[in-house]
Amino acid sequence: MDEHATPLLSKEQSSSSSVVTSSLKWVLKVVMSVIFVTWVVFLLMYPGTLGDQLLTNWRAVSSKTLYGTTGSMFLIFSGPILVISVLASLYLIISGEEKVFTKKKISKFPRFRLWTFPVLVDGPFGVVSAAEFLGILVFSVFFLWAIYAYTLRNLSLLELFHVLPDKKSVLLLEVTGLRFGMIGLLCMVFLFLPISRGSVLLRLIDIPFEHATRYHVWLGHITMAFFTLHGLCYVVGWAIQGQLLKSLFEWKATGIANLPGVISLVAGLLMWVTSLHTVRKLYFELFFYTHQLYIVFVVFLALHVGDYLFSIVSGGIFLFILDRFLRFCQSRRTVDVISAKSLPCGTLELVLSKPPNMRYNALSFVFLQVRELSWLQWHPFSVSSSPLDGNHHVAVLIKVLGGWTAKLRDQLSNLYEAENQDQLISPQSYPKITTCVEGPYGHESPYHLGYENLVLVAGGIGITPFFAILSDILHRKRDGKPCLPSKVLVVWAIKNSDELSLLSAIDIPSICPSFSKKLNLEIHIYVTRQSEPLLEDGMVHKVVHPSVKPKQTNGCPMSVLVGTGDNIWSGLYLVVSTIGFIAMITLLDIFYINKYNITTWWYKGLLFVVCMVASVLIFGGLVVVFWHRWGHKTGKVEANGNNKVALIVEEPHNPSTAELKGLEIEEEDVQSYTLMRYGTRPDFREIFESLNGKWGSVDIGVIVCGPAALQATVATEIRSHSICRSANHPLFHFNSHSFDL
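By the naming in an unreviewed UniProt entry, the protein goes by Ferric reduction oxidase 7, chloroplastic and is assigned to Camelina sativa. According to UniProt, the comment filed for the protein under the heading Subcellular location (unreviewed entry) is "Membrane".

Here it is as C-alpha cells:
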C-alpha cells in the first residue's frame, strides 16, 4: 500500500507545484503588463499639456529627495523598463528551461496570430506582421501627435515673450529645435533595446535578436531624423543672428553645452549615412567600423544635455552596456575547432567545442571571429546542428561569398595540406585557426515544435538552420520526447546542383531509423539554373571532402557567459548590476555632488555615465567571475571528453551488414520523398493549394530562410491565401529566419 502511496503523493505535489508556478507567472505577467502600459501611455501623453503637467507634479513631489530632479526623471522614464527587466528575469526562471508542446495546446480550429500574419509585403519595411504593423501605426500616430502638441505649446509660449517681430522667428526656430530634440530623446528610449543580443526583454516576448535588429534600424532612422532637424533649427537660428561659430563652440557650465551636442550629432550622422542599406551592402566594413562611434554619440550626448535629460534614455543604454560587457567576456575565450571541412559546392563546415551545460534551440546562430583573418571582424552564421546532436559541439555552415569567407577557405586548404605533410612542417609555421564565439542566440522557445504541420522554405545556404530543425524533430521522434510536428514539407531552391552536397550535413536514417513511420517528410528541391540533371547529381550529396582537425594551442569550449544561457545567473547579473548602479549614484550624491554643490550640467552627465559603466564592470563583473567558475565546474567532463567528441566526428561508426541493409532501405525511403525539379522556381500558390487536400483545416507553420525577395514572395501568397481562405482551408503562419547585420 505504501509503495503505491508515494507516486500518488508525488503527483499531487507536482500538480500543486504546477498550480503555484502558473499563478506566479500569471501575477508577473499582469504586473509587467500594467507597468508597461502605464509607462507607454505616459510617454504618449508627455508632449501634450496634460503630460507636461503630470511630469511637473511628479517632479514637485519626488525632486526633494536625495537624488533630486535627475532621480525623479530617471524613475519615471527609465525606471519602468529596468523593473520590467528584473521581473522578466524572475518570470524566465520560474518558467524553466524548456516548454513542453503537447497536442492539448492545438486548437480545433486554426488560430489567427498577430506575430505570424503578414500584412505588408512590398515596401520599405520588408515583410511586416500584423503586430509590427500595429506598432508602426502607434509610433506614426505618436510622431504626428507630438509635432501637433508641441506646435500648439510653442505658439502659446511665444505669446509669453515680448520680443520684436524679427526676433520672434529666431525664437520660434530655437523652440521648435528644442521640441524636435525631445522627440528624438523619446525615440532613443527604445533605440538600444532591440540590439541587446541576450536581452531578457527580447527573450520574454520571444523575439530573436536577428529579427529585432530591424526595429533598431527603423528607430535609428527616426531618431536621427529628429536629431538632425533639432540641430538644423538651431544652426539656422544662430546663422540668422550672426553667431554661428560662437554658438557652435559654446560649452556652458550651467545649461545645455553646444559643442558636445555638435560632436554627438556628427557621430550620429556618420553612423546614419553608412548604415543606409546600399552603403551597408556594398561597404559592410565601413558600416561596421563607423558604427563603433556609438560610444562617442552616447558619451557626448550625456555631456550635451547633462544628467537631468540623459536619465530619460539611460534605462535602455544601461541594459545595452550589460549585454555588451557580457559579450566581451564571452568573446575573450578561444574556442576549439573540433573539425573543419569543405564541401564540393565550396561551403565550409566548422564543428566547434561547447560545454555540455550550454543551452540553445534550433534556429540559433553564433557570431564567429577567426583571429588569423581579423581581430575586429565578427560574422553571424546559423547553427546547423541540433541541441540533441551532442552535448559537446555546435556545427556551422559557411558559404564563401566575400573576402573574409574566401580567406577562411584558403586557411582551411593550407591546413589540409599541412596535415598531409605533418612531419615536414615545424610547429611554428603550422597553419592555425583561432576562433572566438559569441552566442548562441535565437528564440527563447523552440517555436517550430508548436506546429503539427511545418513548411520550411529555403534559398541556397538558407537550408542551414533547417538541418537543425529536422535533426531536432527526428531526435525527439526517436527518443519519444515532446514533439508536435508530424508533417514536414521542405521547399529548397538552389541555383546549381552542386549545392546538393549540403545535404551531407544531415544523415536522416542514422538519426532516426524508420523515420517514415514517425514523420511524414517531403523534400522538394528546385534547381533553377539547370534544365536537366547532371550524371553525377545522384551521388553529389554523398561526396564530402576530407575533414581536418586543427591543432589547438590554448583553446577550450565556448564560454557559458551568454545572456541567453542560464536564467538564474543572467538574472543575478542584471539585478546585482542594477543595485550597484543605484548604490554608486547614491554614494556619489551624498559624498560628492550634494556635499560640494556640483552644479555643472555636462560634468554631472559625465559622472552619470561613469557610474553606469563602473557598476557593470565592478558589480556585474563580480557576478561574471562566479558565473564563469560555476560554468567551468558544472561543465567539467572527463579529461578525454573532447577527444571522444572529435573521434565521433572524424571516425563514424561502421555499421554491420544488417544495419547497412536497414540503412539502404531507409535511404531509398528518403529518395522516394525527395522531388527534384530542374529549370523552374517553386510556385508557392500551387504548393500551398496542394496542402489543402493533404493536411486540411489546420495551423501550418511556415518558416522562410533566404533573401528578402523569397520572403516577400512567400508572405504574399500566405496573405492572399489567408484572406481568401474558406472554412476547410489551412491557416498559414509566417516566420522568417534571416539576418542582415
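Overview of the sheet that holds strand S3 (residues 334–335)
The strands that make up a sheet are held in pairs by hydrogen bonds between backbone atoms, and each pair lies either parallel or antiparallel. With antiparallel pairing, four strands are arranged side by side in an open sheet as S3-S9-S6-S7. Since the sheet does not close on itself, it has two edges, and those belong to S3 and strand S7 (379–382), each with one partner. Taken together, the five bridges between strand S6 (residues 365–370) and strand S9 (residues 435–441) define a ladder with antiparallel strand orientation. Following the sheet pairing, leucine 368 is matched in S9 by valine 437.

Concerning empty space enclosed by the protein
Taking a probe equal in size to a water molecule and rolling it over the atoms shows the remaining empty space. Within this structure, the stated rule accounts for three cavities of 30 Å³ or more. Taken as a whole, the largest cavity spans an internal volume of roughly 200 Å³. What lines the largest cavity is a set of 15 residues, among which Gly198, Ser199, Val200, Ser570 and Leu574 lie closest to the centre. Sorting the residues of the lining of the largest cavity by element identifies helix H7 (200–204), helix H14 (314–331) and helix H18 (567–593) as the ones contributing at least two each. Across the lining of the largest cavity, the residue classes break down as six nonpolar, seven polar and two charged.

Notes on the packing of aromatic side chains
The final tally for this structure, using the stated rule, is 37 aromatic pairs. Aromatic side chains phenylalanine 227 and phenylalanine 297 sit 6.3 Å apart centroid to centroid with 50° between the ring planes, which places their arrangement in the tilted category. Of this pair, phenylalanine 227 sits in helix H8 (residues 209–241) while phenylalanine 297 sits in helix H13 (residues 294–310), and the two are 70 residues apart along the sequence. Seen from their ring centres, tyrosine 294 and phenylalanine 320 are 5.5 Å apart, and the 85° between their planes marks the pair as edge-to-face. One end of the pair, tyrosine 294, is in helix H13; the other, phenylalanine 320, is in helix H14, with 26 residues separating them in the sequence.

With respect to the side chain of lysine 354
When you line up the elements, lysine 354 lands in the loop between strand S5 (348–353) and S6. For the buried lysine 354, which has no salt bridge, the nearest side chain bearing the opposite charge is aspartate 389, at an N-O separation of 11 Å. Ignoring sequence-local partners within four residues, the contact set of lysine 354 consists of Tyr360, Gly390, Asn391, His392, His393, Val394, Pro557 and Met558.

Points about the pairing of strand S8 (residues 393–398)
For a regular strand, side chains alternate in direction, first toward one face of the sheet and then toward the other. Counting buried positions over the six residues of S8 gives six, a clear majority of the element. Neither face of S8 is left uncovered, since the one carrying His393, Ala395 and Leu397 and the one carrying Val394, Val396 and Ile398 both have all their residues buried. By the bridge criterion, six bridges tie S5 to S8 in an arrangement that is antiparallel. By the bridge assignment, glutamate 349 is partnered in S8 with leucine 397.

Examining the packing of helix H2 (residues 49–62) against helix H3 (residues 68–77)
As a packed pair, H2 and H3 sit with axes 9 Å apart at the nearest point and diverge in direction by 125°. If you check the angle between H2 and H3, you find them oblique. For H2 against H3, the interelement crossing comes out right-handed. Of H3, the residues touching H2 (which contributes Leu55, Trp58, Arg59 and Ser62) are Gly68, Ser72, Met73, Leu75, Ile76 and Phe77. For the contact of H2 with H3, a count of residues per class yields six nonpolar, three polar and one charged.

Side note on the sheet that holds S8
On the basis of which strands lie adjacent, the open sheet formed by three strands has the order S4-S5-S8 and antiparallel pairing. The open sheet has two edge strands with one neighbour each: strand S4 (337–342) and S8. Neighbour to neighbour, the strand axes of the sheet diverge by 15° on average, direction disregarded.

Criteria and cut-off values
Residues numbered from 1 in each chain as written. Predicted model: local features only at pLDDT ≥ 70, side-chain atom pairs only at ≥ 80, totals over all residues. Heavy atoms only, no water. UniProt positions renumbered as here; feature names shortened; annotations may be inferred. Pairing = 2+ DSSP bridges. Helix = DSSP H or I, 4+ residues; strand = E, 2+ residues; numbered from the N terminus. 1 Å grid on protein atoms, 1.4 Å probe; cavity = no way out; pocket = protein on both sides within 12 Å on 5 of 7 lines; lining within 4 Å. Points joined across faces, edges and corners; volume = space filled by probe spheres on them. Nonpolar A, V, L, I, M, F, W, Y, C, P; charged D, E, K, R; others polar. Phe/Tyr/Trp six-rings, centres within 6.5 Å; stacked < 30°, edge-to-face > 60°. Buried < 20%, exposed > 50% of the residue type's maximum accessible area, 1.4 Å probe, protein only. Lys, Arg positive; Asp, Glu negative; His and termini not counted. Salt bridge = Lys/Arg side-chain N within 4 Å of Asp/Glu carboxyl O. Contact = heavy atoms within 4.5 Å. Axes fitted to C-alpha atoms, helices over the stretch in contact; angles between N-to-C directions. Parallel < 35°, antiparallel > 145°, perpendicular 65-115°, else oblique. Left-handed = near helix turned anticlockwise from the far one by under 90°.

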